[in-house]
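An overview of the molecular structure
Here's the letter readout for the chains.
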Amino acid sequence: GAGAGAARDYWRSGDQQLVSSTWDLDHHYVHRSVIPTLHFQQSLPRLPVPNVEDSIKRYLAAQKPLLRENEYRITEKLAKDFKNGVGKKLQRHLVELDKKNSHTSYISGPWLDMYLSARDPIVINSNPFLILKRDPQESYNRQIMRATNLVVSAMKFLNSLRNNILEPDIYFVNPEWNKSKKFKRFLSFLPTSVSWYGAYFAEAYPLDMSQYVHLFNSSRIPKQDKDQLFSDPGARHLLVMRNGHFYVFNILDPIGNILHPHEIRAHLINILQDKETIAEYPLGYLTTENRNTWAAAREQLLKAGNEESIYKIDSAIFCLCLDSFRIEESSHLSHCMLHGYGYNRWFDKSFSLIVAANGDAGINFEHSWGDGIAVVRFLNELYENSTKHPAIEPRSTTAVLSPTNVEKLAFHLNDSIQTAVTIARQKFDKKRHELKVKPFEFRKFGKKYVIQERMSPDAIFQLACQLAAYRHFGKIVPTYESCSTAGFKHGRTEAIRSATIYAKQCAEAFIRDRKKHSVQELRKLINNCSKYHKFLQLEASLGAGFDRHLFALRYLAESRGDPLPEFYQDPAYDYINYNIISTSTLNSPSILLGGFGPVVPDGLGIGYHICDYWVGCNVTAYAETDLDEFLLCLEGSFNDIFDVCEGRPLQ
Ligand code: BUJ
C-alpha cells in the first residue's frame with residue numbers, strides 16, 4: 001500500500017488530541033481485501049456477441065405485444081430481410097472487430113459514444129441519483145459532521161481502490177460460505193489468468209471493475225457534437241460548492257495520505273462561513289444546458305481567461321455540494337438530488353456528493369462513465385465506513401483553522417457568458433418545475449411472499465407496472481428494465497423488455513375482460529408472466545438480449561458510412577425504443593431512495609426496490625396528473641395481483 005507506515009507517522013505526528021479514539025491504524029482505507037481489487041479482471045469472460053438469428057427472434061417477440069397485426073407483419077418482413085441480408089454482413093464485421101479487441105467488449109465503445117453524443121441536457125435526462133439513509137445516530141447528521149465523515153470515507157475508498165486492496169465486486173450465489181476468509185484466501189492464491197474460473201466453480205461471479213477508473217478525478221467535458229471524458233488521477237484537491245461558489249483544497253498529500261479530518265472539517269466550516277448570498281452568475285447552470293450550447297459557452301469561458309479555474313473543477317477528486325437549505329419531505333429530497341436548484345451543482349462531474357443543511361446526503365452521477373452497480377458499491381462502502389468508523393464525532397470539537405488552504409475559484413465573466421448563464425437558468429428553472437417526483441409504497445407483500453408463492457419478485461413488480469400502464473394508457477407501451485452485464489469484461493447493461501405477450505394477456509384479462517376469468521385462470525396468467533420474465537432477465541444478464549446487439553450493428557453501419565439499413569428505418573424500431581416506462585432497481589441496505597427522470601417527454605421514470613415485506617418505488621413524470629393517476633393504477637394492480645394470489649376474485 002502507498003505508505004501505510006508513513007500514514008501512521010503522519011497521524012501520530014499531529015496533535016494527539018486531534019486523533020479521535022475510535023480511529024484504527026488503517027484509517028486511510030475502508031478495508032484491506034485478501035483478494036486484490038483487480039484479481040479477476042484479466043480472466044473475466046467476454047461479453048458474447050449474440051447471433052443475428054437469436055437477436056431478431058427476441059426482437060420480434062418483444063415487438064409483438066406492441067404492434068397491430070398488420071404493423072407486425074411489416075416489421076417481421078423487415079427484420080427477416082435484415083437477418084438474411086445486410087445484418088449478416090454487419091454481423092461478420094462486428095464479430096471480426098470484437099475478436100481484434102479482446103481487451104474489451106463489443107458494446108463498451110459504442111455505448112460510451114451513445115452517451116457522449118447525446119445533445120440533450122444531462123440533468124434529469126441522464127444523471128440518476130441515489131440517497132443514503134441517514135446516519136442512525138442522529139447527532140452525526142449535522143451537516144458539516146456528516147459531510148466530513150462521508151468525504152473521509154470516500155477518500156478511504158479511493159485509497160483502497162488505488163492500492164488494489166478494495167474487495168473486488170463479486171456476486172455470490174451462496175453468500176454464506178463463499179464469503180468466508182478461507183474461500184477468499186484460496187481465490188487469492190489462484191493466478192489472475194484463471195482466477196475467475198476458481199470463483200465460478202464455487203458459484204461466485206466476479207464483476208467487471210473497469211468503471212472505477214473514472215469514479216474519481218473525472219468530468220464529462222462538453223464538446224460540439226460529442227463530449228469527452230476527462231480524468232486527471234494526479235490531482236489531489238476536492239471541489240466544494242456552496243451557494244453557487246466554487247472552492248478547492250488539497251485533500252491528499254503526494255503519497256496518498258488523507259488530510260486530517262479535523263482540518264477537512266475546518267475547511268468546510270470556513271467555506272460555510274464565507275458568504276451567504278448566491279453567486280450572481282452561477283456557472284453551474286451551464287452544466288444543465290444542451291451540450292452544444294454548453295460546449296460553446298465553455299469555449300468562451302476558456303478564452304476569457306478561466307482555464308485554470310475550469311481545470312480545477314474538471315480534475316477535482318469529486319464535487320461536494322453543501323446545500324444551504326433543509327429537506328422538507330421525500331419528494332423535496334428527490335428533487336434536490338436529481339436536479340436541485342441548479343446553481344449549486346456541477347452535473348458534469350463523475351459524481352457529486354450532496355449534503356443538505358439537515359444532513360441528508362446523496363449522490364448525483366454522470367452516467368457515461370459507469371452504471372448503477374459501481375456507484376451503489378461505492379455508496380455502500382461510504383455508508384458502512386462513515387457510520388461504523390466515523391472520522392469525527394460530535395464530542396471531538398477541536399478545530400484547526402487554516403483558511404489560507406482553501407482557494408475560492410475566481411472567474412472572469414464577460415457579457416456573453418453572463419447571458420449564457422441567464423438563459424441556461426431560465427430553461428433549467430422551467431424544466432425543473434415541470435418535473436414531478438413521487439414515492440410509492442405497497443405494504444401488503446414483499447419479496448418473501450412472492451418467493452413463497454414461487455414467483456419472481458422482479459417479475460411481479462414489472463407485471464404490476466404493465467397492468468398499471470395498461471390501465472393508464474389503455475394499451476401496452478414500450479417498456480425498459482435495466483439489467484447489468486457487469487459479469488463480463490467491460491460489460492455495461494442490457495435491456496429487459498417487460499412488455500411481453502404474457503404481460504399483455506394478463507393485462508387484457510385483468511382490465512379489459514375484467515371478471516371474465518376465474519381466479520385460477522388469472523393465477524395461471526400471472527405465473528406465465530413471471531416465468532417468462534425470469535427467463536428474459538437471465539438472458540439479459542448473460543448478454544443475450546437484443547437491444548445492445550442491434551444497437552451495435554447499427555452503430556457499425558453508421559461508423560462505416562453505410563446507408564442506414566431499412567430495418568432501422570422502420571417506425572416500429574423507433575417506437576420500441578421510445579420507452580414510455582423506464583425502470584431500474586437496486587437492493588442495498590444503505591440506500592433510502594433513488595431515481596432518474598423519464599427518458600421521453602410523456603414517459604415515467606421508475607426506480608424501485610423490492611424489500612422482504614414491502615415494495616417501494618420512486619416515480620418521475622412531467623405531468624402531475626399522469627403521475628398521480630399512474631400511481632393509483634399501480635396500487636390497484638398490486639391489489640389485484642395480491643387478491644389473485646390469495647385466491648380471491650377481483651374486486
Ligand atoms: O440501463 C442503462 O443502461 C442505465 C440505466 C438507465 N435508466 C436509468 C434510464 C434506466 N441507469 C440505471 O439503471 C441507473 C439507475 C440508478 C438509480 C436506480 C434507483 C433505484 C432506487 C429505488 C429506490 C426506491 C425506493 C422507494 C421507497 C419509497
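Residues numbered from 1 in each chain as written. Predicted model: local features only at pLDDT ≥ 70, side-chain atom pairs only at ≥ 80, totals over all residues. Heavy atoms only, no water.

**Remarks on the site of the ligand**
Neighbouring the ligand are 25 residues, the closest being His367, Tyr480, Ser482, Thr493 and Ser584. Histidine 367 places a side-chain nitrogen or oxygen 2.8 Å from a nitrogen atom of the ligand. Tyrosine 480 has a polar side-chain atom sitting 2.5 Å from an oxygen atom of the ligand. Considered on its own, the ligand offers 730 Å² of accessible surface; in the complex 93% of this is hidden by protein. (Near = heavy atom within 4 Å. Polar contact = N/O pair within 3.5 Å; in protein donor to acceptor, adjacent residues only side chain to side chain. Areas by Shrake-Rupley, 256 points an atom, 1.4 Å probe, with all protein chains shown as cover.)

**Regarding the sheet that holds strand E8 (residues 319-322)**
One open sheet holds the eight strands; their spatial order is E11-E7-E6-E8-E9-E10-E1-E16, and the pairing between them is mixed. The open sheet has two free edges, formed respectively by strand E11 (407-408) and strand E16 (591-595), since each of these has just one partner strand. Two elements, strand E7 (residues 245-250) and E11, share two bridges in a ladder whose sense is antiparallel. Looking at the pairing, valine 248 lines up with glutamate 407 of E11. Relative to strand E6 (residues 237-242), helix H11 (residues 291-315) is tilted by about 105 degrees, and along the sheet it contacts E6, E7 and E11. (Pairing = 2+ DSSP bridges. Helix = DSSP H or I, 4+ residues; strand = E, 2+ residues; numbered from the N terminus. Contact = heavy atoms within 4.5 Å. Axes fitted to C-alpha atoms, helices over the stretch in contact; angles between N-to-C directions.)

**Description of the nonpolar core**
One finds Leu550 and Leu634 to be the most contacted residues of the largest nonpolar core, which totals 81 residues. Examining the composition of this core, we find that 10 residues originate from one element, helix H22 (residues 624-645), more than from any other. Each residue touching leucine 550, except ones within four places of it in the same chain, is listed here: Ser55, Ile56, Tyr59, Phe82, Phe567, Tyr568 and Tyr573. Counting 51 residues, the second largest nonpolar core, distinct from the first, contains Met209, Tyr212, Leu215 and Ala361. (Core = buried A, V, L, I, M, F, W, Y, C linked by side-chain atoms within 4.5 Å. Buried < 20%, exposed > 50% of the residue type's maximum accessible area, 1.4 Å probe, protein only.)

**Re a nonpolar patch on the surface**
Residues Val194, Tyr197, Tyr200 and Phe201 make up a contiguous nonpolar surface patch of about 440 Å² in total accessible area. Of note, tyrosine 197 is situated in helix H9 (residues 195-201). (Patch = residues over 30% accessible without salt bridge, like charges linked within 9 Å, V, L, I, M, F, W, Y side chains within 5 Å. Salt bridge = Lys/Arg side-chain N within 4 Å of Asp/Glu carboxyl O.)

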